[in-house]
Amino acid sequence: MPIVDPQALLLLTVALLTVYTVGIGGTTAAAIGAWDAWRKQERGTANLDPLRGDVVLVAPLLPRFVRAVRVAGWIAFAPALVLALFANSSYPWLAPLTVVLMVALNAFYFTAVQGIGEQLALTRDGFRTGPPGGARVVRWVHVTDLMGAHIGPFRGVRMSEGSEWQDPKTVPNVIFYRLNRALVRPRKSPLSRLTGLTYFDGVIRNRFGVSTQELMQAMRTCHRRALDEEARRLRPRPESAQEL
């Protein structure tokens, strides 16, 4: 087998580490800046009453360029780690330096992106999640289940319903929804399948400055009204019933 130049391996490893550091570190800094700018914006109290028209809730967002840089950083993550641990035995200082760098940077990254979300619009017909150019549209009549929950770094807890006791330390921060799979075919990303999102078909992260309970109540109200309107539309008219 041909002998690989140790210096060439070192340069390749450092280059991948640089891409990873710029991608993930830059995303971390951008997420902190986006959340801080969103927090300082003057916003009135959100009106979640759908009878007054479409309800648009805005959350801190990452610019498209930053999202592309983040993808490049995660692509470089695995090969950089493997090369640093197993392919650079001539430089024993590289492996521990890489591990410390990645552990610290990943911890900062996952903490920072907790404040990043997507735009949510509630309409009479359904709701939209995501940026304006690539939003996902879901109709209320296709929704079969809505559930609030608290998702933390190491566990998830379902939101209490009605008079059930709610742990004050686990404030709900997400809403899961399930679609009628006999009517629509849900789109799931590979990450959703790997993380075990099998029963539910999507998740809405509440980064809108309103309580998850209020948002859940507004979504259930819209859902119930849409189902009632659909039932009235499908119900046969008296004239048609007499003809039959």
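Residues numbered from 1 in each chain as written. Predicted model: local features only at pLDDT ≥ 70, side-chain atom pairs only at ≥ 80, totals over all residues. Heavy atoms only, no water.

**Student:** Summarise the overall build of the protein; cite the residues concerned and give the values.
**Tutor:** Secondary structure assignment for the protein yields six helices and eight strands. Listed N to C, the secondary structure of the protein is α-β-α-α-β-β-β-β-β-β-α-β-α-α in terms of helices and strands. Residues counted as buried form 37% of the 244 residues belonging to the protein. Once local pairs closer than 6 in sequence are excluded, the contacts in the protein between residues at least 24 apart make up 70%. For the protein, the exposed area adds up to about 15600 Å²; of that, 61% sits on carbon and sulfur atoms. (Helix = DSSP H or I, 4+ residues; strand = E, 2+ residues; numbered from the N terminus. Buried < 20%, exposed > 50% of the residue type's maximum accessible area, 1.4 Å probe, protein only. Contact = heavy atoms within 4.5 Å. Areas by Shrake-Rupley, 256 points an atom, 1.4 Å probe, with all protein chains shown as cover.)

**Student:** Can you explain the packing of aromatic side chains? Please cite residues and give values.
**Tutor:** A full pass over the atoms with the stated rule returns eleven aromatic pairs. Relative to Phe110, the ring of Tyr109 has its centre 5.0 Å away and its plane inclined at 75°; by these criteria the two rings are edge-to-face. Residue classification places Tyr109 among the buried residues on the basis of a relative accessible area of 6%. With a relative accessible area of 47%, Phe110 lands in the partly exposed category. Ring pairs connect the aromatic residues Tyr20, Trp74, Phe77, Tyr109 and Phe110, which therefore count as one cluster. The residue whose ring lies beneath Arg178 is Tyr199, and the NZ or CZ to ring-centre distance is 4.2 Å. (Phe/Tyr/Trp six-rings, centres within 6.5 Å; stacked < 30°, edge-to-face > 60°. Lys NZ or Arg CZ within 6 Å of the ring centre and 35° of its normal.)

**Student:** An account of the pairing of strand 8 (residues 202-205) is needed here, citing residue identities and associated values.
**Tutor:** The side chains of a regular strand alternate, residue by residue, between the two faces of the sheet. Burial along strand 8 is one-sided: the face carrying Gly202 and Ile204 is buried and the face carrying Val203 and Arg205 is not. With four bridges connecting them, strand 7 (residues 174-179) and strand 8 associate as antiparallel partners. Bridge pairing in strand 8 links Ile175 to Ile204. (Pairing = 2+ DSSP bridges.)

**Student:** Any chance you could break down the pattern of salt bridges for me, citing the residues and the numbers?
**Tutor:** Counted according to the given criterion, the structure contains six salt bridges. The salt bridge partner of Asp36 is Arg39, with a shortest N-O separation of 2.5 Å. Taken together, the residues span about one helical turn, with Asp36 and Arg39 both in helix 1 (residues 6-40) at a distance of three residues. Here the salt bridges share partners, and the residues they tie into one network are Asp36, Arg39 and Lys40. (Salt bridge = Lys/Arg side-chain N within 4 Å of Asp/Glu carboxyl O.)

**Student:** So, the sheet that holds strand 3 (residues 126-129): which residues are in play, and what are the values?
**Tutor:** Ordered by their spatial adjacency, four strands build an open sheet running 1-2-3-4, and the pairing between neighbours is antiparallel. One side of each edge strand has no neighbouring strand; the edge strands of this open sheet are strand 1 (55-57) and strand 4 (136-139). Sheet twist, expressed as the average angle between the axes of neighbouring strands with direction ignored, equals 15°. Of the pairings in the sheet, the one linking strand 1 to strand 2 (residues 120-122) comprises three bridges and is antiparallel in character. Within the sheet, the bridge partner assigned to Val55 lies in strand 2 and is Leu122. Against the sheet, helix 5 (residues 212-234) contacts strand 1, strand 2, strand 3 and strand 4, and its axis sits at roughly 40° relative to strand 2. (Axes fitted to C-alpha atoms, helices over the stretch in contact; angles between N-to-C directions.)

**Student:** How would you summarise a nonpolar patch on the surface if you had to cite specific residues and measurements?
**Tutor:** Residues Val82, Leu85, Phe86, Val99 and Val103 make up a contiguous nonpolar surface patch of about 480 Å² in total accessible area. Every element with two or more residues in the nonpolar patch is listed here: helix 2 (64-86) and helix 3 (94-112). With three residues, the single largest contributor to the nonpolar patch is helix 2. Within the fold, Val99 resides in helix 3. Residue classification places Val99 among the partly exposed residues on the basis of a relative accessible area of 37%. (Patch = residues over 30% accessible without salt bridge, like charges linked within 9 Å, V, L, I, M, F, W, Y side chains within 5 Å.)

**Student:** Describe in detail the side chain of Arg136, supporting the description with residues and values.
**Tutor:** Relative to the assigned elements, Arg136 resides in strand 4. Notably, Arg136 is buried but unbridged: the nearest opposite-charge side chain belongs to Asp201, and the N-O separation is 6.3 Å. For Arg136, the side chain forms a polar contact with the main-chain oxygen of Asp201, separated by 3.4 Å. Other than its neighbours up to four places away in sequence, Arg136 contacts Phe127, Arg128, Thr129, Tyr177, Leu179, Pro186, Arg187, Asp201 and Gly202. (Lys, Arg positive; Asp, Glu negative; His and termini not counted. Polar contact = N/O pair within 3.5 Å; in protein donor to acceptor, adjacent residues only side chain to side chain.)

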